[in-house]
Amino acid sequence: MNALLSIILIFFSLISQAQTIEMADTMRSEGKIYVVIAVVLTILIGLIIYLVSIDRKLGQLEKELKN
């Protein structure tokens, strides 16, 4: 849970820094920044789901090895 909170805080700090970049202003004015944020969030959510599924499978394998 702490790792997820850390990732979220890092993400928001990067967004706040991106506001000073001219490219971000252009993308925001054209409405494309929302597409970029949606893609980044989709990738992050996909990675988190993948890591959770690997953790569950690894947990099952560890239980099988103990028995």
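The rules behind each value
Residues numbered from 1 in each chain as written. Predicted model: local features only at pLDDT ≥ 70, side-chain atom pairs only at ≥ 80, totals over all residues. Heavy atoms only, no water. Helix = DSSP H or I, 4+ residues; strand = E, 2+ residues; numbered from the N terminus. Buried < 20%, exposed > 50% of the residue type's maximum accessible area, 1.4 Å probe, protein only. Areas by Shrake-Rupley, 256 points an atom, 1.4 Å probe, with all protein chains shown as cover. pLDDT = per-residue confidence, 0-100. Patch = residues over 30% accessible without salt bridge, like charges linked within 9 Å, V, L, I, M, F, W, Y side chains within 5 Å. Salt bridge = Lys/Arg side-chain N within 4 Å of Asp/Glu carboxyl O.

### Looking at the overall build of the protein
Step number 1: When you go through the protein residue by residue, the secondary structure sums to three helices and zero strands.
Step number 2: Reading the secondary structure of the protein in the N-to-C direction produces α-α-α.
Step number 3: In the protein, which comprises 67 residues, the proportion classed as buried is 4%.
Step number 4: In the form shown here, the protein has an accessible surface area of approximately 6,100 Å², with 69% of it arising from carbon and sulfur atoms.

### Considering the confidence of the model for the protein
Step number 1: Here the protein averages 82 in pLDDT, and 84% of its residues register 70 or above.
Step number 2: Between the elements of the protein, mean pLDDT differs from a low of 71, seen in helix H1 (residues 2-18), to a high of 93, seen in helix H3 (residues 33-66).

### Side note on a nonpolar patch on the surface
Step number 1: Taken together, the side chains of Leu 4, Ile 8, Phe 12, Ile 48 and Val 52 present a nonpolar region at the surface, about 400 Å² in accessible area.
Step number 2: Where the nonpolar patch is concerned, the elements lending two or more residues are H1 and H3.
Step number 3: At three residues, the largest contribution of residues to the nonpolar patch is made by H1.
Step number 4: By the element assignment, Leu 4 lies in helix H1.

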